[in-house]
Amino acid sequence: VVNVTAGSLSLTNDALLSSSTFGQGDAGSVSVQADSVSLANSNIFSTVGNTGVGNAGVVNVTAGSLSLTNDALLSYSTFGQ
């Protein structure tokens, strides 16, 4: 589990905030709580890789303002089993 609590959070230039698994077991959740969240060409995600077996965790962002620019992503996915 990844938890971030901040006044503001800014991720840029291919920054990643993630929880992933490529083996047996679930990926953890990612939670962000901030007044302001800005992502530019960056990602927040939870994923099960193609060799993994399990479930992706939840991605939860609670913010007064949220900005996603330049291909920024919030996502959760399962590529394995």
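Residues numbered from 1 in each chain as written. Predicted model: local features only at pLDDT ≥ 70, side-chain atom pairs only at ≥ 80, totals over all residues. Heavy atoms only, no water.

## So, the overall build of the chain
Then step 1. On a plain count of helices and strands, the chain comes out with zero helices and six strands.
Then step 2. If you list the helices and strands of the chain from N to C, you get β-β-β-β-β-β.
Then step 3. Its C-alpha atoms give the chain a radius of gyration of 13 Å, within 12% of the compact-globule value 12 Å for 81 residues.
Then step 4. For the chain, the C-alpha atoms occupy an extent of roughly 35 × 25 × 15 Å along the three principal directions.
Then step 5. For the chain, the exposed area adds up to about 4,600 Å²; of that, 46% sits on carbon and sulfur atoms. (Helix = DSSP H or I, 4+ residues; strand = E, 2+ residues; numbered from the N terminus. Rg over C-alpha atoms; globule rule 2.2 N^0.38 Å. Areas by Shrake-Rupley, 256 points an atom, 1.4 Å probe, with all protein chains shown as cover.)

## Side note on the confidence of the model for the chain
Then step 1. Across the chain, the average pLDDT comes to 93, with 100% of residues at 70 or higher.
Then step 2. Ranking the elements of the chain by mean pLDDT puts strand 6 (residues 73–78) last, at 89, and strand 3 (residues 30–40) first, at 96. (pLDDT = per-residue confidence, 0-100.)

## Let's talk about the sheet that holds strand 1 (residues 2–12)
Then step 1. Within the open sheet, the three strands sit side by side as 1-3-5. Their pairing is parallel. Of all the strands in the sheet, just strand 1 and strand 5 (59–69) have a single pairing partner and so form its edges. Here the average twist between neighbouring strands, direction ignored, is 5 degrees. (Pairing = 2+ DSSP bridges. Axes fitted to C-alpha atoms, helices over the stretch in contact; angles between N-to-C directions.)

## Digging into the sheet that holds strand 2 (residues 16–21)
Then step 1. If you trace the three strands from one edge of the open sheet to the other, you get 2-4-6, paired in parallel fashion. Every other strand in the sheet has two partners, leaving strand 2 and strand 6 as the edge strands with one partner each. The average undirected angle you get between the axes of adjacent strands in this sheet is 5 degrees.
Then step 2. Pairing geometry for strand 2 and strand 4 (residues 43–48), over six bridges, is parallel. By the bridge assignment for strand 4, leucine 17 is matched with isoleucine 44.

## Some remarks on the nonpolar core
Then step 1. Grouped together as the largest cluster of nonpolar side chains are 11 residues: Leu9, Leu11, Leu17, Val30, Val32, Ala34, Val37, Leu39, Ile44, Val59 and Ala72.
Then step 2. Taken together, the elements giving at least two residues each to this core come down to strand 1 and strand 3.
Then step 3. Apart from residues lying up to four places away in sequence, alanine 34 is in contact with Ala6, Gly7, Ser8, Leu9, Thr62, Ala63 and Gly64. (Core = buried A, V, L, I, M, F, W, Y, C linked by side-chain atoms within 4.5 Å. Buried < 20%, exposed > 50% of the residue type's maximum accessible area, 1.4 Å probe, protein only. Contact = heavy atoms within 4.5 Å.)

## Topic: the environment of phenylalanine 79
Then step 1. For phenylalanine 79, the location among the structural elements is in the segment after strand 6.
Then step 2. By relative accessible area, which is 59% here, phenylalanine 79 ends up exposed.
Then step 3. Between the alpha carbons of phenylalanine 79 and glycine 54 there is a distance of 9.7 Å; along the sequence they are 25 residues apart.
Then step 4. Once residues within four sequence positions are removed from consideration, phenylalanine 79 is found in contact with Thr47, Val48, Gly49 and Asn50.

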